[in-house]
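Structural description and commentary
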Amino acid sequence: MTSISVPNEALPPQSIARHNLGHWVLWLGSVLLIVVAGLQVLDTAGITSLGFTSWRPTLYAFIAWGCALGTSLVLTRGESGQQTLFLLPALLFTIAMVIFPTIFGLAIAFTDWNLSSNTGVHFNGLDNIRQLINDPYFWNALTNMFWYVLAVFAQYAIAFGLALLLNADIVARKFFRVAFLLPLMLSPVAVSWMIGKSLMENRYGPIATLARNLGWESVAFFSTPWIARASIMAMDAWVSIPFIMILLLAGLQALPVEVKEAAKVDGATSWQSFWEITFPLMLPVSLTAIVLRIIFELKLADVVINVTSGGPGGATDTVSSFIYREYRDRSNVGYATMLAEVYLVIIIVFITLLMNFVSRYMRKVV
Amino acid sequence: MKVDAYSKMMAIQASRRDLLKGAATATAVSALSATGLVGTSTRQAYAADDLRAAILKIPGVGKGSPGDADWQKVGEMCLGATKAAIKEGEFKGVELSFMGLNNQNLHNLLFRGFLKPWEAYTGAKITWIDLAQADYNPRLQQAIASGTIDFDLVEMGAPLEGDVCGKGLTSEMPDWVKKQIEFDDLVNYLKPPVGTWNGKQYRVTIDGDCHNFNYRTDVFADAELAKAWKDGGGKGDWGVPKTWQQVQAVTKFMHGKKFKGKDLYGYLDPLKGWGGFAFYFLGSRASAYAKHPDDKAWLFDIDTMKPRVNNPAWVRAIQDVVDMIPNGPPDQLNADPGNTGFQQFLAGTGTMLSWWGDIGSNAKTNDTSVIGDVCGFSILPGSDDVYNSKTGKWDTLASGPNYSPNMAYLGWGVYVMARVDADAKKQKAAWSAAAHLGGKDLSLWCAAYPSGFQPYRNSHFNVDEWVGAGYDKAFITSYLNSEKDSYNHPNAAIEPRIPGIFQYYSVAEDELAKIYAGKNTAQAGADAIAKAWDAITDKIGRDSQVKLYKASLGL
């Protein structure tokens, strides 16, 4: 069904009344939101003393405005308004929970807000940016992120192998599919304790004992930079490989069987069949999986925080775990928020470039 | 488990022990079981000494770690002071929120048990906010900064008084509470200015903090090691080190040796950060070098807050740690103080350790401890020389080595938040709960068993009471003396009660981690810490920090 736009003059009187009512509802809702939020801002700034104890009134006014907007859409646009209504809750939720905090965070990022300071919050211009540029901990963490992102390719290779295995006709395939998915279902915090703090414990941990039996005399998984980094990567991989694997498995199952059968008839070996047919056909899924994993990897923090706190000497630190320390241990809200905002921009730029590269590459290949 | 059921069970166990252990035990145990069976134990049922003796037998030293039923029982038996001050059901309808820690399943978990009988008697209800050590400071700071204090009572350390009491967020202690908790019984160093702000008293002290020196008596009594020490040209007789110089030498000597079939390690340094708390352990190594008897300050210059952390004394302490890394257990770079104390030393790894008094109270009463019979204590080691910040020279004191126990954290206290002041009934209830937790008798039990708290009252240093509980006399004398001598030491290194102190410590931990990992020298790393500390001071406000630092040192 197509909706036809009709000028107001052509509408029947009831429709015009409904249209006007819609506008009024939206206006009322908007005025209510502006007034309540404005009063709260004035109250918080100490200009008025209306006794607001929390920001709930503004939240309720925002919800009321959302309802007014929805009502207005239905009244003014009819069926197309009803269709928009389906999107509206998600849109308003995103604005409230993502866009507003990001903008609000940006405002905080340009302040010297420290929770212990008695002098309150002050705008400090570009000081936080300058501090960030000269902060060796930030650059160290960013460099580590490069290594962690590289590790995603190793995760991908292992995941591909497992996906091929689970796609093949093996015994207890269903069981293995579930079993290999289990690490993904575990909280990284639990993994940190079960593996990093128990299995890899250097005195009684089974992995440490195995390593000793294999001839490593002084077992220490977290004392030298590269071994510590590799240990974190291994734990992260254990949790993350199933995610890539399940995406690749879905891709493998969607591949046309005819092409592979034709190759077999033509005498292609297993390796040729994989390298010349399966792998290229899987490229779109592979690239999606890798890009998604890189996005997740750039947010790596929980395993690091729980197992090494970024040590030894920052060797395993990630940008997120550094931001976490800066905010949580040092109450440096302003600077930590600036770090988070800058890192968000870096991730967006990096992922955009990566996506561009991927789509160009795909165009070339396909 | 319900208290009544527990009491009956204890009574049954007790009668078995009566047969085995004779009349002396029977007297105390029958008092306990009788009280438990009627379920209305009060202090009146005992003479004060009997009560103290009876609670110290719950569950009894060497009889496993205490649990919730034990905590409830102790809480019930110590209700006498509450009953004298509060009518039954007086706080009916009052709801209180209590924020504290859950470290090692202690702190708040004990408070719950202790306060359960208090809730039953008074009619008040408490809800709990449990926090891990590392989450504690940020949660508190966020609540303060965002004006969302959602708790009526808080378990808090004195170093944070600047952040909380200094902002007028706490309720002033009423006189009846001071009387109920027998305030004068506190050891001197925990009396005002600790617990006060602008002359007002805010804190019910439930802990006294200092680092003492814990060591393995069996290692230092071993003839083979003594011979090896002598043969290797070790200085003096083989024995417990008295100075950090000796600690270094002994740790180096132990490297590569075996004792009772296990690798032998000397002093255990925690090399991984612990939300700022790991810095105390460097402080314990540095205090003998940096705290001069003629100078009250050791962390900052008094008049300017210029950090001293990069002076030769602190750099020497840092270098000491770095020098011992090759002699420590593998993976020590990933060991925080929780690991060194509980997973290493109590579990039999390492010979020497600086820690809070928890090691002593856990050595014989914690199920995971294997060193209960071979653990000795002293105040922190001294130093042959001490750095004089005023002259910039190292002094050798005529009195011998310089000792300076590190009064790390100044102990936990319970604080009542000012938000209860508007409601007189709620305020009284909150203070009553705090006073119950800070009661004289209950505190003795906390000092003797795993609780997260160490002795902090003069009355805690009666060795006979501890022996009556089942402690070995030599062990407990050694432990209590190490605590008492630290508290009363004339050259103790006092923790500054200034806002944001954990920001300083946390930044230092990051820099220290780089030094320990070999990415920076001790001096360059210490300079970086000093620079970061200066920036924090400027951010928080140098003038106010100077003022508060002076006040915290009693100047």
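Fair warning: this is a prediction, and the values are worked out from it, not measured in the lab. (Residues numbered from 1 in each chain as written. Chains lettered and ligands numbered in written order. Predicted model: local features only at pLDDT ≥ 70, side-chain atom pairs only at ≥ 80, totals over all residues.)

So, the overall build of chain A
Looking only at helices and strands, chain A has 15 helices and 0 strands in total. Rg of the C-alpha trace for chain A: 28 Å, well past the compact-globule value of 21 Å for 366 residues, more than 25% over. Based on the C-alpha atoms only, the size of chain A along its principal axes is roughly 85 × 65 × 35 Å. Within chain A, residue pairs in contact and separated by at least 24 positions form 67% of the contacts whose partners lie at least 6 positions apart. (Helix = DSSP H or I, 4+ residues; strand = E, 2+ residues; numbered from the N terminus. Rg over C-alpha atoms; globule rule 2.2 N^0.38 Å. Contact = placed C-beta atoms within 7 Å.)

What to know about the overall build of chain B
Along its length, chain B carries 23 helices and 16 strands. Since a compact globule built from 555 residues should have a radius of gyration of about 24 Å, the 24 Å found for chain B is in line with a globular shape. The dimensions of chain B, computed from C-alpha atoms along their principal axes, are 65 × 60 × 40 Å. Taking all 555 residues of chain B together, the buried fraction comes to 57%. Across chain B, every contact between residues at least 6 apart in sequence was considered, and the portion connecting residues at least 24 apart equals 76%. (Buried ≥ 20, exposed ≤ 12 C-beta atoms within 10 Å, placed from the backbone.)

Quick look at the sheet that holds strand E3 (residues 153-157) of chain B
Residue and element names in this part refer to chain B. Spatial strand order, E2-E1-E3-E15-E6: 5 strands in an open sheet with mixed pairing. At either margin of the open sheet sits one strand with a lone partner, and together these are strand E2 (125-131) and strand E6 (203-205). Here the strands of the sheet are splayed against their neighbours by 30° on average, with no regard to which way each runs. Alignment of strand E1 (residues 95-101) against E2, held across 7 bridges, turns out to be parallel. Residue Leu-96 lies in a different strand from E2, and its bridge partner there is Ile-126. (Pairing = 2+ DSSP bridges. Axes fitted to C-alpha atoms, helices over the stretch in contact; angles between N-to-C directions.)

Let's talk about the interface of chain B and chain A
Contact residues are listed per partner, giving 32 residues for chain B and 28 residues for chain A. Of the residues that constitute the side of chain B that touches chain A, the class distribution is 12 nonpolar, 13 polar and 7 charged. (Nonpolar A, V, L, I, M, F, W, Y, C, P; charged D, E, K, R; others polar.)

Observations concerning the domain arrangement of chain B
Where interface size is given, it is often the accessible area lost as the parts come together that is meant. All names here are of chain B. Domain boundaries in chain B define domain 1 (3-72), domain 2 (78-205 + 412-452) and domain 3 (212-296 + 310-407 + 491-496). Counting residues at the interface gives 11 residues for domain 2 and 11 residues for domain 3. Looking at the side of domain 2 that touches domain 3, the elements that each hand over two or more residues are helix H7 (133-145) and helix H18 (440-448). Ranked by the residues each element gives to the side of domain 2 that touches domain 3, the list is headed by H7, at 3 residues. Partitioning the side of domain 2 that touches domain 3 into residue classes produces 7 nonpolar, 4 polar and no charged. (Domains from an automatic or database assignment.)

What to know about the sheet that holds strand E11 (residues 375-378) of chain B
Residue and element names in this part refer to chain B. Here 3 strands make up an open sheet; going across it, the order is E10-E7-E11 and the pairing antiparallel. On the outer flanks of this sheet lie strand E10 (352-355) and E11, each paired with one strand and no other. The average undirected angle you get between the axes of adjacent strands in this sheet is 30°. As judged from the 4 bridges shared by strand E7 (residues 212-216) and E11, these two strands associate in the antiparallel manner. The residue bridging Asn-214 from the neighbouring strand is Phe-377, located in E11.

Structural notes on the domain arrangement of chain A
All names here are of chain A. Annotation of chain A at the domain level lists domain 1 (9-109) and domain 2 (130-365). Using only C-alpha atoms to locate each centre, domain 1 and domain 2 end up separated by 42 Å. With 4 residues of domain 1 in contact, the opposing surface of domain 2 contributes 6 residues. A breakdown of the residues in the side of domain 1 that touches domain 2 according to their chemical character gives 3 nonpolar, 1 polar and no charged.

Structural notes on the nonpolar core
Within soluble globular proteins, side chains that are nonpolar generally end up buried alongside one another. Core analysis: the largest hydrophobic core is formed by 226 residues, its most contacted members being Leu-153, Ala-433 and Ala-434 of chain B. Take this core: its biggest share by element is 13 residues, from helix H5 (residues 136-167) of chain A. Setting aside chain neighbours within four positions, we find Ala-434 of chain B in contact with Leu-153, Val-177, Val-204, Val-414 and Val-416 of chain B. Counting 9 residues, the second-largest nonpolar core is a separate cluster that includes Val-25, Phe-62, Ala-68 and Leu-75 of chain A. (Core = buried A, V, L, I, M, F, W, Y, C linked by C-beta atoms within 7 Å.)

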